[in-house]
Amino acid sequence: MTKYITHNALQIDTALDGFIETELLAGLPTDKATFYDQLQQIAEQFQQRNLDLLTERDRIQAEIDEWHRANPGTPDAVQYKQALQQIGYFDPEPPEFTISTQNVDPEVASMPGPQLVVPVMNARYALNAANARWGSLYDALYGSDVIPEDDGASKQGAYNPVRGARVINFGRTILDEYLPLAGVSHKEVTRYMVVDGELVAEAADIAYQLSDPSRFKGWQGESTSPEALLLEHNSLHMIIRFDDTQVAKDDKAGVSDIVLESALSAIQDCEDSVAAVDGEDKVVAYRNWLGLMRRDLSESLEKGGKTITRQLNNALSFTTKDGELSLKGNSLLFVRNVGHLMPTPAVLFNGEQLQEGLLDALVTVTAALYDLASKSINRNSYHGSVYIVKPKMHGAQEVRFTVELFDKVEKLLGLRPNTVKIGIMDEERRTSVNLAACIYEARERVAFINTGFLDRTGDDIHTSMCAGPFLPKGEIKGAPWFDCYEDRNVTISLHAGFRMQAQIGKGMWPVPDNMADMMLQKIGHPKAAATCAWVPSPTAATLHALHYHQIDVLHAQMLRMGESVPAVDNILKVALLDRELTDDEIVLELKNNLQGILGYVVRWVEQGVGCSKVPDINNVGLMEDRATLRISAQHVANWLYHNVCSAELVEDLFKEMAAVVDEQNAGDPLYRPMAANFDQSVAFNAARALVFEGLEQPSGYTEPLLHSMRRQFKMINA
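One structure accompanies this document, and this report is about it. (Residues numbered from 1 in each chain as written. Predicted model: local features only at pLDDT ≥ 70, side-chain atom pairs only at ≥ 80, totals over all residues. Heavy atoms only, no water.)

## Some details on the sheet that holds strand 7 (residues 206–208)
One key point about sheets: their strands pair by backbone hydrogen bonds, in either a parallel or an antiparallel sense. Spatial strand order, 5-6-7: three strands in an open sheet with antiparallel pairing. Of all the strands in the sheet, just strand 5 (191–195) and strand 7 have a single pairing partner and so form its edges. Recorded for the sheet is a direction-independent mean angle of 35° between the axes of neighbouring strands. As paired strands, strand 6 (residues 198–203) and strand 7 are joined by three bridges and run antiparallel to one another. Note on strand 7: the bridge partner recorded for Ala203 is Ile206. (Pairing = 2+ DSSP bridges. Helix = DSSP H or I, 4+ residues; strand = E, 2+ residues; numbered from the N terminus. Axes fitted to C-alpha atoms, helices over the stretch in contact; angles between N-to-C directions.)

## Some thoughts on the packing of aromatic side chains
In this structure the tally under the stated criterion is 18 aromatic pairs. For the pair Trp67 and Tyr80, a centre-to-centre distance of 5.2 Å together with 35° between the ring planes defines the contact as tilted. In this pair, Trp67 is assigned in helix 2 (residues 32–70) and Tyr80 in helix 3 (residues 77–86), connecting sequence segments 13 residues apart. An identical accessibility class is assigned to Trp67 and Tyr80; each is buried. (Phe/Tyr/Trp six-rings, centres within 6.5 Å; stacked < 30°, edge-to-face > 60°. Buried < 20%, exposed > 50% of the residue type's maximum accessible area, 1.4 Å probe, protein only.)

## Here we look at the pairing of strand 15 (residues 316–320)
Burial of strand 15 is one-sided: the residues Leu316, Phe318 and Thr320 facing one way are buried, the residues Ser317 and Thr319 facing the other way are not. Bridge count for strand 15 against strand 16 (residues 323–327) is five bridges, and the pairing is antiparallel. Across the sheet, the residue bridging to Leu316 is Leu327, located in strand 16. The antiparallel hairpin formed by strand 15 and strand 16 contains two residues in its connecting segment.

## Some details on the side chain of Ser273
Inspection of the secondary structure assignment puts Ser273 in the loop between strand 12 (265–269) and helix 9 (279–294). Taking the relative accessible area as the measure of exposure, Ser273 reaches 5% and is therefore buried. Not counting chain neighbours up to four residues away, the residues in contact with Ser273 comprise Val118, Pro119, Gly610, Cys611 and Asp625. (Contact = heavy atoms within 4.5 Å.)

## So, the environment of Glu656
As for its placement among the helices and strands, Glu656 is situated in helix 22 (residues 647–664). On the basis of relative accessibility, which here comes to 37%, the residue Glu656 falls in the partly exposed class. As for Glu656 and Val335, which are separated by 321 residues in sequence, their C-alpha atoms are 39 Å apart.

## Thoughts on empty space enclosed by the protein
Space left empty within the atom packing is revealed by a probe, the size of a water molecule, rolled over the atoms. If you walk through the whole model with that rule in mind, you get three cavities of 30 Å³ or more. Counted as a void, the largest cavity has a volume near 140 Å³. In terms of residue class, the lining of the largest cavity is built from seven nonpolar, three polar and six charged. Around the second largest cavity, the lining is made up of 15 residues, and of these Arg295, Asn330, Asn378, Arg379 and Asn380 lie nearest the centre. Grouping the amino acids of the lining of the second largest cavity by side-chain chemistry returns six nonpolar, five polar and four charged. (1 Å grid on protein atoms, 1.4 Å probe; cavity = no way out; pocket = protein on both sides within 12 Å on 5 of 7 lines; lining within 4 Å. Points joined across faces, edges and corners; volume = space filled by probe spheres on them. Nonpolar A, V, L, I, M, F, W, Y, C, P; charged D, E, K, R; others polar.)

## Some details on helix 19 (residues 553–560)
Among all positions of helix 19, only Val553, Leu554, Ala556, Gln557 and Arg560 are buried. Each buried residue of helix 19 sits inside an arc of 155° when the element is viewed along its axis, so together they form one side. Elements that come into contact with the buried residues of helix 19 comprise helix 15 (480–495), strand 23 (503–506), helix 17 (524–527) and helix 18 (538–550). The opening residue of helix 19 is Asp552, an N-cap whose side-chain oxygen sits 3.4 Å from the backbone nitrogen of Leu554. (Arc of directions from axis to C-beta. Polar contact = N/O pair within 3.5 Å; in protein donor to acceptor, adjacent residues only side chain to side chain.)

## Re the sheet that holds strand 1 (residues 4–7)
Here we have four strands laid out as an open sheet, ordered 1-2-18-19, and antiparallel in their pairing. Pairing within the sheet leaves two strands with one partner each, and these edge strands are strand 1 and strand 19 (352–355). When the angles between neighbouring strand axes are averaged without regard to direction, this sheet yields 45°. The sheet contact formed by strand 2 (residues 10–13) and strand 18 (residues 343–349) spans three bridges and is antiparallel. From the neighbouring strand, Gln11 faces strand 18, where its bridge partner is Leu348. Together, strand 18 and strand 19 form the strand contacts of helix 10 (residues 356–373), whose direction differs from that of strand 19 by roughly 55°.

## Remarks on the pattern of salt bridges
On inspection of all chains with the given rule, the structure shows 44 salt bridges. Note that Arg287 is salt-bridged to Glu23, the shortest N-O span being 2.8 Å. Here Arg287, found in helix 9, pairs with Glu23, found in helix 1 (residues 14–24); they are 264 residues apart in sequence, far enough to count as distant. For Arg287, a relative accessible area of 36% puts it in the partly exposed group. Accessibility expressed as a relative area gives 19% for Glu23, which makes it buried. (Salt bridge = Lys/Arg side-chain N within 4 Å of Asp/Glu carboxyl O.)

## Quick word on the packing of helix 14 (residues 453–463) against helix 21 (residues 626–641)
The interhelical angle for the contact between helix 14 and helix 21, taken along N-to-C directions, is 25°, at an axis separation of 8 Å. As summarised for this structure, helix 14 and helix 21 are arranged roughly parallel, according to the angle between their axes. Two packed elements cross with a definite hand, and for helix 14 against helix 21 that hand is left-handed. On helix 21, the residues that touch Leu454, Asp455, Thr457, Gly458, Asp459, Ile461 and His462 of helix 14 are Ala627, Thr628, Arg630, Ile631, Gln634, His635 and Asn638. The residue makeup of the contact of helix 14 with helix 21, split by class, is four nonpolar, seven polar and three charged. (Parallel < 35°, antiparallel > 145°, perpendicular 65-115°, else oblique. Left-handed = near helix turned anticlockwise from the far one by under 90°.)

## What about the packing of helix 21 against helix 23 (residues 682–692)?
Packing of helix 21 against helix 23 leaves a shortest axis separation of 7 Å and a crossing angle of 55°. As judged from the angle between their axes, helix 21 and helix 23 are oblique. For the pair helix 21 and helix 23, the contacting residues are Leu629, Ala633, Val636, Ala637 and Leu640 in the first and Leu690, Val691 and Phe692 in the second. Tallied by class, residues from the contact of helix 21 with helix 23 come to eight nonpolar, no polar and no charged.

## Brief notes about helix 24 (residues 703–716)
Its 14 residues give helix 24 an end-to-end C-alpha distance of 20 Å, which sits within 8% of 20 Å, the value for a rise of 1.5 Å per residue. Residues of helix 24 that are buried: Glu703, Leu705, Leu706, His707, Met709, Arg710, Phe713 and Lys714. Next to the buried residues of helix 24 lie helix 9, helix 10, helix 20 (583–607), helix 21 and helix 23. (Expected span 1.5 Å × (residues − 1).)

## Notes on the environment of Leu179
Among the secondary structure elements, Leu179 is positioned in the loop between helix 7 (161–178) and strand 5. Distance in space between the C-alpha atoms of Leu179 and Arg215 is 7.4 Å, their sequence separation being 36 residues. Once residues within four sequence positions are removed from consideration, Leu179 is found in contact with Ile174, His186, Leu210, Arg215, Leu231, Glu232, His233 and Met238.

Structure follows, in structure tokens:
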């Protein structure tokens, strides 16, 4: 049972209290009593307002449900839009405006590139993401399917020189494409050196320079025999490295690697990718974020019989013809707070659970005070800003609430106004249709807008739950609303002045082992003029970085500046089923959904893993978090509601898929089989509840049930 200490109207979980006193505030002038006074002021000002916003969500959804019940099937566009206007679904259109966000770091304002999202509760992942600013192209190519394994190019076992030769050739092709030499291919070069501060490449005893010598930025080591060469293209750096490894020995110019500037920014996530259900869990998340801000986070692991300690990388230093140049060693770090929905048992206010987002706001910004006070070259923000992504907001009122919350936090902590920069997730339909108004409310502190197709789809299903049965899950992305949603996100942001001031982001690549397809498809994001897009791993970040060399995103944005914003009408089109499905089609769709639900939920509830690579029904590993779960659970709930399938069929398939998931996890010593005892399996019953109680879940979110079942599991197994 949770134990609390009391401070006026607050009760604070003792684990959280200990962290706040001995860690969070240990290097700050604020004492614990003052901190709790600050938290109580936030609770007094924002707790009831937060609850009122949730009540407003419920009112709007209830009226939409009632309208669809009275008007089943594909809505008449005019009548539907009028009905939404009458219930207050649309916010007033803002006047023409341009965002005025100040003190934004270049990784956000002017450097397009990949963005990582990582569960902050896992220290190793958090450090890996922070250090993914620089990634080995050779490692990414050698270890992924971008380089085929045919004709003796297997990646298994010890170093394979056949595969290595393909990697080297790929790397030289990249250099020829983006950093060409005048008169010769990099593939012909036998020596690189620096002469009078300029890069010189020798081939057949002839010296060549870059076609654009200004692309050469510096070097490490002796100029006649450098250890590394620094070059730049599209605001991103590449480092050509030299050493005495086998790769270098196989290379005619002694090149051992090409290192790419990769994940320019990384989101340390306290939300969808973590399972934080109580004070103990929140401490883990907050401690790791604090460690990143203080730069003392470390994690040890065993690898190859040796203990390796991971910690944050330091800045890189290079010699230039004019002196020295330093480049950041880490990604610029954001932290994603939770949304407005969930309360937390970590803190009680007047005997009731405090809304978790209020706690996140004060704690994560307080932790960032260490970075704001730092003068180190290794600090996170050179411009004195704190970057917080705020997810799952519904419309402009909720954005305004968030802005005012951070206004209050800044005043309490003595920070200049708008120190906290907000990232807005465009992942709920009420935000999509009111996106300009949402941005307008945050116009002085917005630094980020991002489409979140997965949550956005889950919200689409729940919002229109009563209209009729939805298309099979894999077909929804082809519905008219999707392209309109993506285009409006970019065009509205560009009209609001995001170019050279804030990020326009796109969503996640979900198949971490399929990098070849990612390289073919994800180039669509920079082509669409998005300055960043999410990737699931450092390897994916390095490979995706090549797309930002291929596409000049800032130029692409210039070309789109004059585009008109697509009308909202397509956003409101519901992706309803347009044909009769066969029994086999229904069963296959249900199996796919139910297996995915079980595979994710069993790890969430019984192991506290909020994000992982979960094998699908075909044993293809997919990155799963609560967003993918939300889609699958709401989709099955929708089909049940409209009698596309029976409850008995879903029950039977749940049990069949539980056995499949048990087999897929047979090698995990921590795994508890579900099929051995369905009634006693907390995870199995959590998965069932997400479907059979899906209609009642607020906005179709999975958090209320997951948190409850996770706490139940922890209590049973304490």
